[in-house]
Amino acid sequence: MTRTATTATWISTNGIVLGDLVPAALRRGWVEQGHCPDRDLYTLFSEHVRAHPRQTAVIDAAGAIDYATLDIRVRRIAAALAGAGLGAGDIIGIQVPNGWRAVAAELAVAAIGAVALPYPAGRGRRDSASLLGRSKASAAIVADAAGRVPLAANLADLRPALPNLRAVFVFGAAPEGCEPLDRWLAEDGAEQRWSRAPIDPEAPARILVSSGSEAEPKMVAYTHNAMAGGRGNYIGALHGRIGAGHGHIGAGHGDTRAQHGGSEPMRCLILVPLASSYGSCGIVILARLGGTLLLLDAFDPAAAMRMITAHQPTHVFGVPIMLRRITDRRRASGEDAFRLRTLVSSSAALPAATIEACLTRFGAPVVNIYGSADGVNCHTGRGDCAAAAGCAGRPDPTVADIRIVDPHGQPVPAGESGEIWSLGPMTPLCYVNAPELDARYRVLGGWVRTGDRGVIGEDGCLRVVDRLKQIVIRGGYHISPAEVERQLSAHPAIADVACVAVPDPEFGERLCACITQRPDTAQLTLTQLNAFLEGERGLERRKLPELLLALPELPLGPTDKVCRQTLTRLASAQCVGPAPSRSHTTTL
């Protein structure tokens, strides 16, 4: 990585240029203030291995492994990667389902100084070709299969179209021409074939992949300091003793558990894919905070409750629809969550009904996180704004400062809405191989333009008004799906809701409400829903949905968020009828 007094630039072995859009003086200032540890992810992980080698690091379907055992596996995978000539300068894709293998693979990539590009196992061949091709990845690490999807075979078939992909490493059965990692993991002493080299904490460590609202998933490059620092600070704050305005995780060496105030390490059930942007918190919990990860192969409400009862997490990380599905389940005999302190929700708007359902079921608060792969984070605490639906909390400068600006980029007064901009220790370097995205979403000084509209009130709390990129335009009138969703979620018969645009030849787009209902409730009609929205919730008539799609469950995408693309396709195919009608209902 080359540096000047004002900028830093990293160039991959295959010619991908990652320039830091944040001024170097800001980065150094965050380190000097203690907001970033100034050590790479593997070094931080190694400190925990030395401090508490027998503490459990990961619990998954295969059982529990401690820090020392995980470290041996990490170093053996690192030896396999280094043996293939990989190291600093290489981007390495990772498509491995949740479990210790996914964790070990990412730590091994960090250990050799390469850049990890994890993406969920649910993404298909097209996304694999796009992500690995656009990033010019030198290698990939995959599982032989995920469910019925033959990940290794798919990637082996794609190799001719990926000329930069020199090597494919496989957990499990490896196709011809791929390197079986199981052989390295089984060989005593294999880890000794690799020796560590110094790693620049401001070098790129991980590429976060967006959930794909653009034509292709966006890739955003983060440094070791941005991951362990900014992201580490917000996760540490979730442990209950650190928050905005109350200090930060110290930058000193040693057992980080004492630094973030917890007398016991965090035990975190991560329900989302570790390879998602939200799931990237998993590697930070291990490397920065010395916690324990509880992982499921795939999300299932019953399996989640069994994991909570059996292994007693202190924190559960999920998206709102997951938390709602867990709380909607009938209680099973023997269920217990006595150690659960916090449920953490992100990646979608958090309805008030879900907050209440979690409090009723678990007696634990729900922390709402507003964030994205692009480089913004703000979360509620346990204080006065924690239970308010739509509140994203008070911005924490140890994570990211947030400002609200007008169309000219000028800050607006408190209480006025505008676009949300973000800059702080978690701010990424840049987009990967996409200068057009840097031009669209980054501004002078390193600020990130989120494309979302928000308000910071007199109380200092951020409230997200809507996602500007998800506006429905009906005959020139702009409708916020998020606003309609918030109001619909208050209906006592609705379990889950998402609103999408359906193309229309007359008005351009029409709003379709896609819902699932609670058990034992009468089927709702569009007329009934709109009467509720207008009569009880006060929604303007021109914002009312014109179409209704009732589903047994809302479809989830690869990152376990509601897949709006699938809903749009279903609604476009099913919700047809007279153009002027406001009463078209389809049930699937």
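Read on for an overview of the structure. Source: prediction; values computed, not measured. (Residues numbered from 1 in each chain as written. Predicted model: local features only at pLDDT ≥ 70, side-chain atom pairs only at ≥ 80, totals over all residues. Heavy atoms only, no water.)

### Things to note about the sheet that holds strand 18 (residues 376-379)
Inference 1: Overall, mixed pairing links the 8 strands, which are arranged 5-4-14-13-15-16-17-18 in an open sheet. Strand pairing shows two members of the sheet lacking a second neighbour, strand 5 (63-66) and strand 18, which therefore form its edges. Mean inter-strand twist for the sheet, computed between neighbouring axes without regard to direction, equals 20 degrees.
Inference 2: Bridge analysis of strand 13 (residues 267-270) against strand 15 (residues 315-318) gives 3 bridges, and the strand direction is parallel. Within strand 15, the position partnered with Cys268 by the bridge is His315.
Inference 3: Set on the sheet, helix 4 (residues 100-111) makes contact with strand 4 (56-60), strand 5 and strand 14 (292-295); between it and strand 4 the angle comes to about 135 degrees.
Inference 4: Taken strand by strand, helix 11 (residues 301-311) contacts strand 4, strand 13, strand 14 and strand 15, and its axis lies near 170 degrees from that of strand 13. (Pairing = 2+ DSSP bridges. Helix = DSSP H or I, 4+ residues; strand = E, 2+ residues; numbered from the N terminus. Axes fitted to C-alpha atoms, helices over the stretch in contact; angles between N-to-C directions. Contact = heavy atoms within 4.5 Å.)

### Considerations on the pattern of salt bridges
Inference 1: If you walk through the whole model with that rule in mind, you get 29 salt bridges.
Inference 2: A salt bridge links Glu187 to Arg193; the nearest nitrogen and oxygen atoms lie 2.4 Å apart.
Inference 3: Here Asp459 ties to Arg463 by a salt bridge, and the two come within 3.3 Å at their closest N and O atoms.
Inference 4: For Asp459, a relative accessible area of 36% corresponds to the partly exposed category.
Inference 5: Among the charged side chains, a network of salt bridges with common partners joins Arg474, Asp504, Arg510 and Glu546. (Salt bridge = Lys/Arg side-chain N within 4 Å of Asp/Glu carboxyl O. Buried < 20%, exposed > 50% of the residue type's maximum accessible area, 1.4 Å probe, protein only.)

### Things to note about the pairing of strand 14
Inference 1: Side chains Thr292 and Leu294 project from strand 14 onto one buried face, and the interleaved Leu293 and Leu295 project onto a second face that is buried too.
Inference 2: Examined bridge by bridge, strand 4 and strand 14 share 2 bridges and lie parallel to one another. Along strand 14, the bridge assignment pairs Val58 with Leu293.
Inference 3: As paired strands, strand 13 and strand 14 are joined by 4 bridges and run parallel to one another. The residue bridging Ile270 from the neighbouring strand is Leu295, located in strand 14.
Inference 4: Viewed along the sheet, the connection from strand 13 through helix 10 (residues 281-287) into strand 14 turns out right-handed. (Right-handed = clockwise from strand over helix to strand, strands pointing away.)

### Overview of helix 17 (residues 564-574)
Inference 1: Among the residues of helix 17, Thr566, Leu567 and Ala571 are the ones counted as buried. Looking down the long axis of helix 17, one finds its buried residues gathered within 130 degrees of arc, a one-sided arrangement. Turned more than 90 degrees away from the buried face of helix 17, the exposed residues are Gln565, Arg569 and Ala573. (Arc of directions from axis to C-beta.)

### Some details on the nonpolar core
Inference 1: In terms of nonpolar packing, the biggest core is built from 122 residues, with Leu70, Leu81, Val103, Ile141 and Ile270 touching the most fellow members.
Inference 2: The greatest single-element share of this core, amounting to 10 residues, is contributed by helix 4.
Inference 3: Each residue touching Leu81, except ones within four places of it in the same chain, is listed here: Leu86, Ile92, Ala108, Val109, Ile112, Ile141 and Phe169.
Inference 4: The next biggest cluster of nonpolar side chains, apart from the first, holds 27 residues, and it includes Trp10, Leu18, Ala140 and Val168. (Core = buried A, V, L, I, M, F, W, Y, C linked by side-chain atoms within 4.5 Å.)

### Side note on the environment of Ala140
Inference 1: Turning to its location among the elements, Ala140 is positioned in strand 8 (residues 139-143).
Inference 2: For the pair Ala140 and Arg166, spaced 26 residues apart in sequence, the C-alpha to C-alpha distance is 8.7 Å.
Inference 3: Leave out the neighbours within four places in its chain, and Ala140 touches Ile92, Gly93, Leu132, Leu155, Leu165, Ala167, Val168 and Phe169.

### Quick word on the packing of helix 5 (residues 125-134) against helix 6 (residues 151-158)
Inference 1: The geometry of helix 5 relative to helix 6 is characterised by a closest axis approach of 10 Å and an angle of 55 degrees between their N-to-C directions. Judged by the angle between their axes, helix 5 and helix 6 are oblique. Crossing handedness for the pair helix 5 and helix 6: right-handed. Residues Arg125, Ser128, Ala129 and Leu132 of helix 5 pack against Asn154, Leu155, Asp157 and Leu158 of helix 6.
Inference 2: Class assignment for the residues of the contact of helix 5 with helix 6 results in 4 nonpolar, 2 polar and 2 charged. (Parallel < 35°, antiparallel > 145°, perpendicular 65-115°, else oblique. Left-handed = near helix turned anticlockwise from the far one by under 90°. Nonpolar A, V, L, I, M, F, W, Y, C, P; charged D, E, K, R; others polar.)

### A word on the packing of aromatic side chains
Inference 1: According to the stated counting rule, one finds 6 aromatic pairs in the structure shown.
Inference 2: Summarising the aromatic geometry, the rings of Tyr42 and Phe45 are spaced 6.1 Å apart at their centres and angled 40 degrees between planes, so their arrangement reads as tilted. One end of the pair, Tyr42, and the other, Phe45, are both in helix 2 (residues 41-51), 3 residues apart, so they sit about a helical turn from each other. The exposure classification of Tyr42 matches that of Phe45, with both residues buried. (Phe/Tyr/Trp six-rings, centres within 6.5 Å; stacked < 30°, edge-to-face > 60°.)

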